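Coordinates in review
Here is what each chain is made of, one letter per residue.
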Amino acid sequence: MTIDHAAPSVINEQFARQGWVHVPSLGVDSAELSRARAVLDQLFDRFVDVPKQFAHDLAGGADPAKPILPEINAVSTLAPELRKTAVFHAAHQLAKQLLGQNAYVLYDHAIYKPPGLAGTTSWHQDSGYDPDRTNRLAIWIPFQDTSVEDGAMRYVTRSHLGGRQQHLERTTADGKTVKYLEVDEATVAEAPCQLGGATAHDFHTVHGAGPNLGTNTRRAWILDFTTGSIAERAIEAAKEKVRVRRYRVL
């Protein structure tokens, strides 16, 4: 599988310079994109069955059976078929290209933002949630064409060069801690992304997303990758097998 429409050297240079990069195509066909989306759709359809530590309503809704802005963490643990999809393998390939051949997935989650929802994804750095790691990136994969109006990703270019910033905190109605930063909107770059493409950003890059003012649910799968030795990767793989046996939903 190849990542087309942009030379690897161009993608790598933009990522290093900007702290983020738009990849127009992951080289995954429409059937494989539909396969991955179908698994995620099934998981969100069973939102009430997902262990509470993984299922959150980012809008703070009172009814867990009818989340306003649902997020599910560890989606490939809850639905391990996701790791067998071409979408996952393409994301892993991109991570290896940007981080190195010893890159492996550490964490993933998905957010389904419904149309007409004015809520935004708070400005933050991923390092605000995991200050102990240094070499890490996130790959954001939409399952529909995502324009600025639909709530595309937004980045503060070159913000990764300043390292981790001190975040503010707030708590959602269901008890989740959300860390956030205040950003000058004049410094923001919009990153619209079509179906089949992706964006990737550095661990320290300040990012967020706008409201979904379009007509379709904005579905996105976000995968975080890090690097490690063969032993570290083996340990993480063993831990993941235990997590799957304990928490698997699909």
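Scroll up to find the structure.
Note that the coordinates shown come from a computational prediction; the quantities given were computed from them, not determined experimentally.

Reading guide: rules and limits
Residues numbered from 1 in each chain as written. Predicted model: local features only at pLDDT ≥ 70, side-chain atom pairs only at ≥ 80, totals over all residues. Heavy atoms only, no water. Helix = DSSP H or I, 4+ residues; strand = E, 2+ residues; numbered from the N terminus. Rg over C-alpha atoms; globule rule 2.2 N^0.38 Å. Contact = heavy atoms within 4.5 Å. Areas by Shrake-Rupley, 256 points an atom, 1.4 Å probe, with all protein chains shown as cover. Core = buried A, V, L, I, M, F, W, Y, C linked by side-chain atoms within 4.5 Å. Buried < 20%, exposed > 50% of the residue type's maximum accessible area, 1.4 Å probe, protein only. Pairing = 2+ DSSP bridges. Axes fitted to C-alpha atoms, helices over the stretch in contact; angles between N-to-C directions. Polar contact = N/O pair within 3.5 Å; in protein donor to acceptor, adjacent residues only side chain to side chain. Salt bridge = Lys/Arg side-chain N within 4 Å of Asp/Glu carboxyl O.

1. Focus on the overall build of the protein
The helix and strand tally for the protein stands at five helices and 13 strands. Since a compact globule built from 250 residues should have a radius of gyration of about 18 Å, the 17 Å found for the protein is in line with a globular shape. Dimensions of the protein along its principal axes, counting C-alpha atoms only, are 45 × 45 × 35 Å. For the protein, the share of sequence-separated contacts (at least 6 apart) that also reach a separation of at least 24 residues comes to 84%. Element-wise, carbon and sulfur atoms account for 51% of the exposed surface of the protein, whose accessible area totals about 11,500 Å².

2. Thoughts on the nonpolar core
Judged by nonpolar contacts, the single largest core of 46 residues is most densely connected at Ile139, Ile141, Trp221 and Phe225. Per-element accounting of this core gives the leading share, nine residues, to helix H4 (residues 86-99). Judged by nonpolar contacts, the second largest core, of 14 residues, contains Trp20, Trp140, Ala189 and Ala191.

3. Some thoughts on the sheet that holds strand S10 (residues 188-191)
Sheet strands pair by backbone hydrogen bonding; their relative direction is either parallel or antiparallel. Judged by pairing direction, the sheet is antiparallel, and its four strands sit side by side in the order S5-S12-S7-S10 without closing on themselves. Two strands in the sheet have a free side with no partner beyond their single neighbour: strand S5 (121-124) and S10. This sheet shows a mean twist of 25 degrees between the axes of neighbouring strands, independent of strand direction. In this sheet, strand S12 (residues 207-209) lies alongside S5 in antiparallel orientation, the contact comprising two bridges. Residue pairing across strands places His124 opposite His207, the latter belonging to S12.

4. What to know about the side chain of His207
Along the chain, His207 falls in strand S12. Residue His207 is classed as buried on the basis of its relative accessible area of 4%. Among the polar contacts listed, one links the side chain of His207 to the side chain of Asp126, at a separation of 3.3 Å. In terms of polar contacts, His207 uses its side chain to reach the backbone carbonyl oxygen of Thr205, at 2.9 Å. Setting aside anything within four residues of it in sequence, one finds His207 in contact with Ser122, Trp123, His124, Gln125, Asp126, Met153, Arg154, Tyr155 and His201.

5. Here we look at the environment of Gln194
If you trace the backbone, Gln194 turns up in the loop between S10 and strand S11 (198-202). The exposed category is assigned to Gln194, whose relative accessible area is 56%. For the pair formed by Gln194 and Arg170, sequence separation is 24 residues and the distance between their alpha carbons is 32 Å. Excluding anything up to four places from it in sequence, Gln194 contacts Pro142, Gln144, Asp145 and Thr146.

6. Re the pattern of salt bridges
According to the stated counting rule, one finds 14 salt bridges in the structure shown. A salt bridge links Arg35 to Glu32; the nearest nitrogen and oxygen atoms lie 3.6 Å apart. Taken as a pair, Arg35 and Glu32 lie in helix H2 (residues 30-45) at a separation of three residues, close to a single helical turn. Glu169 is the salt-bridge partner of Lys179, the closest N and O atoms lying 3.8 Å from each other. Taken together, the positions of Lys179 in strand S9 (residues 177-180) and Glu169 in strand S8 (residues 168-171) put the pair 10 residues apart, joining distant regions of the chain. Owing to a relative accessible area of 18%, Lys179 belongs among the buried residues under this scheme. A cluster of three or more residues bridged by salt bridges with shared partners is formed by Arg83, Glu236, Glu240 and Arg243.

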